[in-house]
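Each chain is listed here by its residues.
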Amino acid sequence: MRMKEDDDALQASIKMLERTSKGVECSELEAITFQGIQAVELRTGFLRCYFVIPIHAADQDGNWHAGAIATLIDGLGALTVNSFTGKSKASVDLTISLYSSAKIQEEVEIEAKVVGSRGKLTSALVEVKRKGNGELIALGAAILSI
């Protein structure tokens, strides 16, 4: 029975990411943040996607705004946890470290994975890397609860 539940949760997460990337059935902030994201691999508890940083996510220096990075990390962490648990959860702790900047129109690779689950808490790790050379841009750790 668990296999069917896993598959249902995964399919729901895939549909959620597709709808959100197109701005359908989501908040305006989610629509802006996820616009154009492309899932490359999505399986239970794991997500890999590519993202070209849009102009509306720029700070005054033409870099990817830290708040936009944080919003994307939080959302992808939650989506990955949803694919694992089958339940929507809220972040109760979110830690993000920024290691490098990224310019507008630059393509990044984002990988999110569930790293632990106990009781009502589930943890996800989200890495954002420069697509060309794999340089780490940001690392996020999210703890989500029912």
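Within an unreviewed UniProt entry, the label attached to the chain reads 4HBT domain-containing protein, and the organism entered is Citrus sinensis.

(A) Structural view of the packing of aromatic side chains. For the structure shown, the criterion picks out one aromatic pair. On the basis of an interplanar angle of 40 degrees and a centroid distance of 5.9 Å, the ring pair of Phe51 and Trp64 is categorised as tilted. Separated by 13 residues along the polypeptide, Phe51 in strand E2 (residues 46–52) and Trp64 in the loop between E2 and helix H3 (66–85) bring together distant segments of the chain. Across this residue pair, the class does not change: Phe51 and Trp64 are buried. Positioned above the aromatic ring of Phe46 is the side chain of Arg43, whose terminal nitrogen or guanidinium carbon lies 4.2 Å from the ring centre. Its end group placed over the ring of Tyr50, Lys131 keeps NZ or CZ at 3.9 Å from the ring centre.

(B) Broad picture of H3. Compared with an ideal rise of 1.5 Å per residue, which puts 20 residues at 28 Å, H3 spans 28 Å between its outermost C-alpha atoms and is within 8% of the ideal. Within the span of H3, buried status applies to Ala68, Ile69, Leu72, Ile73, Leu76, Gly77, Leu79, Thr80, Val81, Asn82 and Ser83. Directly beyond the C-terminal end of H3, a positive phi value near 80 degrees is found at Gly86.

(C) The arrangement of the pattern of salt bridges in detail. One pass over the structure, following the stated rule, counts eight salt bridges. Its salt-bridge partner being Glu41, residue Arg43 comes within 2.1 Å of it at the nearest N-O pair. Residue Glu109 is joined to Arg48 by a salt bridge in which the shortest nitrogen-to-oxygen separation is 3.0 Å. Of this pair, Glu109 sits in strand E4 (residues 107–118) while Arg48 is found in strand E2, placing the two residues 61 residues apart along the sequence. Three or more residues joined by partner-sharing salt bridges are found here, namely Glu41, Arg43, Arg48, Glu109 and Glu111.

Definitions and limits used
Residues numbered from 1 in each chain as written. Predicted model: local features only at pLDDT ≥ 70, side-chain atom pairs only at ≥ 80, totals over all residues. Heavy atoms only, no water. Phe/Tyr/Trp six-rings, centres within 6.5 Å; stacked < 30°, edge-to-face > 60°. Helix = DSSP H or I, 4+ residues; strand = E, 2+ residues; numbered from the N terminus. Buried < 20%, exposed > 50% of the residue type's maximum accessible area, 1.4 Å probe, protein only. Lys NZ or Arg CZ within 6 Å of the ring centre and 35° of its normal. Expected span 1.5 Å × (residues − 1). Salt bridge = Lys/Arg side-chain N within 4 Å of Asp/Glu carboxyl O.

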